[in-house]
Amino acid sequence: MTDNSPGSAGGGGVRLVRVPDDRDGQRLDNFLLGHLKGAPRSIIYKIVRSGQVRVNGGRAKPERKLDVGDEVRIPPVRLETPGEAGTPSKGLLAAMDASIVFEDARLLAISKPSGVASHGGSGISFGVIETLRALRPNQPLELVHRLDRDTSGLMVLAKKRSALTQLQALLREDHGAGIRKRYLTLLAGRMPDGTMSVDAPLHVGLRQGGERHVQVNPHGKVSLSHFGVLERRGGQSYCEVRIETGRTHQIRVHAQHIGHPVAGDDKYGDVEVNKRLREQIGLKRLFLHAASLEFTLDDGEAYVLNAPLADDLREALDRLR
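Residues numbered from 1 in each chain as written. Predicted model: local features only at pLDDT ≥ 70, side-chain atom pairs only at ≥ 80, totals over all residues. Heavy atoms only, no water.

Draft legend 1. Fine view of the side chain of Asn217. With respect to the helices, strands and loops of the structure, Asn217 is situated in the loop between β13 (212-216) and β14 (224-233). A polar contact of 2.7 Å, which involves the side chain of Asn217, links it to the backbone nitrogen of His219. With residues up to four places along the chain from it excluded, the contact list for Asn217 reads Pro201, Leu202 and His203. (Helix = DSSP H or I, 4+ residues; strand = E, 2+ residues; numbered from the N terminus. Polar contact = N/O pair within 3.5 Å; in protein donor to acceptor, adjacent residues only side chain to side chain. Contact = heavy atoms within 4.5 Å.)

Draft legend 2. Quick look at the packing of helix α1 (residues 28-35) against helix α2 (residues 41-49). Where α1 meets α2, the axes come as close as 10 Å, and the angle between the chain directions of the two elements is 120°. Classified by chirality, the crossing of α2 by α1 is right-handed. Counting all contacts with α1, which are made through Leu28, Asp29, Asn30, Leu32 and Leu33, the residues of α2 involved are Arg41, Ile44, Tyr45 and Val48. The residue inventory of the contact of α1 with α2, partitioned by class, reads six nonpolar, one polar and two charged. (Axes fitted to C-alpha atoms, helices over the stretch in contact; angles between N-to-C directions. Left-handed = near helix turned anticlockwise from the far one by under 90°. Nonpolar A, V, L, I, M, F, W, Y, C, P; charged D, E, K, R; others polar.)

Draft legend 3. Region of interest: the pairing of strand β5 (residues 71-74). With burial as the criterion, only one face of β5 is covered, namely that bearing Val72 and Ile74; the residues Glu71 and Arg73 on the opposite face remain uncovered. Pairing of strand β2 (residues 15-18) with β5 involves four bridges; the strand directions are antiparallel. In the strand pairing of β5, Arg18 is matched with Glu71. Relative to β5, strand β4 (residues 54-55) runs antiparallel, the two sharing two bridges. Considered in β5, the bridge of Val55 is made with Val72. (Buried < 20%, exposed > 50% of the residue type's maximum accessible area, 1.4 Å probe, protein only. Pairing = 2+ DSSP bridges.)

Draft legend 4. Examining the nonpolar core more closely. Ranked by size, the top nonpolar core spans 27 residues in total, and within it Val128, Leu132, Tyr183, Leu187, Phe227, Ile251 and Val262 carry the most contacts. When residues of this core are traced back to their parent elements, those giving at least two are β7 (107-112), α5 (128-135), β9 (152-158), β10 (180-187), β15 (236-243), α7 (250-257) and β16 (288-296). Once residues lying within four places of it in the same chain are set aside, the contact partners of Leu187 are Phe227, Gln236, Ser237, Cys239, Ala255, His260, Pro261 and Val262. With 18 residues, the next largest nonpolar core counts Ile47, Val48, Leu66 and Val72 among its residues. (Core = buried A, V, L, I, M, F, W, Y, C linked by side-chain atoms within 4.5 Å.)

Draft legend 5. Structural detail: the pattern of salt bridges. If you walk through the whole model with that rule in mind, you get 15 salt bridges. In this structure, Arg180 and Glu294 form a salt bridge, with 4.0 Å as the shortest nitrogen-oxygen distance. With Arg180 in strand β10 and Glu294 in strand β16, this pair connects stretches of sequence that are 114 residues apart. For Asp318, the salt bridge goes to Arg233, with nearest N and O atoms at 4.0 Å. Taken together, the residues span a long stretch of sequence, with Asp318 in helix α9 (residues 311-319) and Arg233 in strand β14 at a distance of 85 residues. Three or more residues are tied together by salt bridges with common partners; here these are Glu103, Arg136 and Lys159. (Salt bridge = Lys/Arg side-chain N within 4 Å of Asp/Glu carboxyl O.)

Below, the structure written as structure tokens:
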């Protein structure tokens, strides 16, 4: 017997779920997250890799793309503390509800607070997607893209599968033709006037302990960023950045590469500059904010979505003279 309805992570037996039309092409891990409400991503990966999840009777990888009509075996999943682990805190729920900056029938956009991950995993129980799904339990939501945990600003989620596939296709287009992405950042030192374009390939490596570390490497993936000075304050440069590719830590590593690291960056930044800005203007985190996205969907509807500079960054900038 097959079942197409999403369920909670705990309780019940094995379910056989047939993939409906609106989930054609969805990754297996994301499909499971929608059917095992409250289960962290780490558990999803564990049950897939252990073979407890089957697609058409066979083992599958988390990134497998599902087809309409595929039959997915979903085992029962027991959370260690169902009453607590299955629900985000009231504070996180309230913060995420207040972060919504745009919504229509197809899309939901938020201004993500710094410190909140895009999704759970690696010791994080709840990220943006898990929290919004808890806020909207009867509404299908999928991440269109991700932001680093320390980066604040605009994130877009799809409420309809058709919007998700369109936006993901636009994100795959080369050299920014699909979606225009604009960030605001404070860079250490005095950047030259005009726009500085950085065309430097990036490679993602792993340090001991599994931490990701990105560096410019000729064998890396093509990466292109454009930095433009908006104003200079206190010997630092307040800039806008437009990126034509969306690599991991792209802006942060490109900024480091040109000798003007992002203020407050404890991974790629300048330790002394960070310490001075913390003491002088109270900058306690990465000064990087996703400010806007512009794109047009297949029906010709154009979107210009904006997230104002986060209050803590605005206040720190105002104190910088």
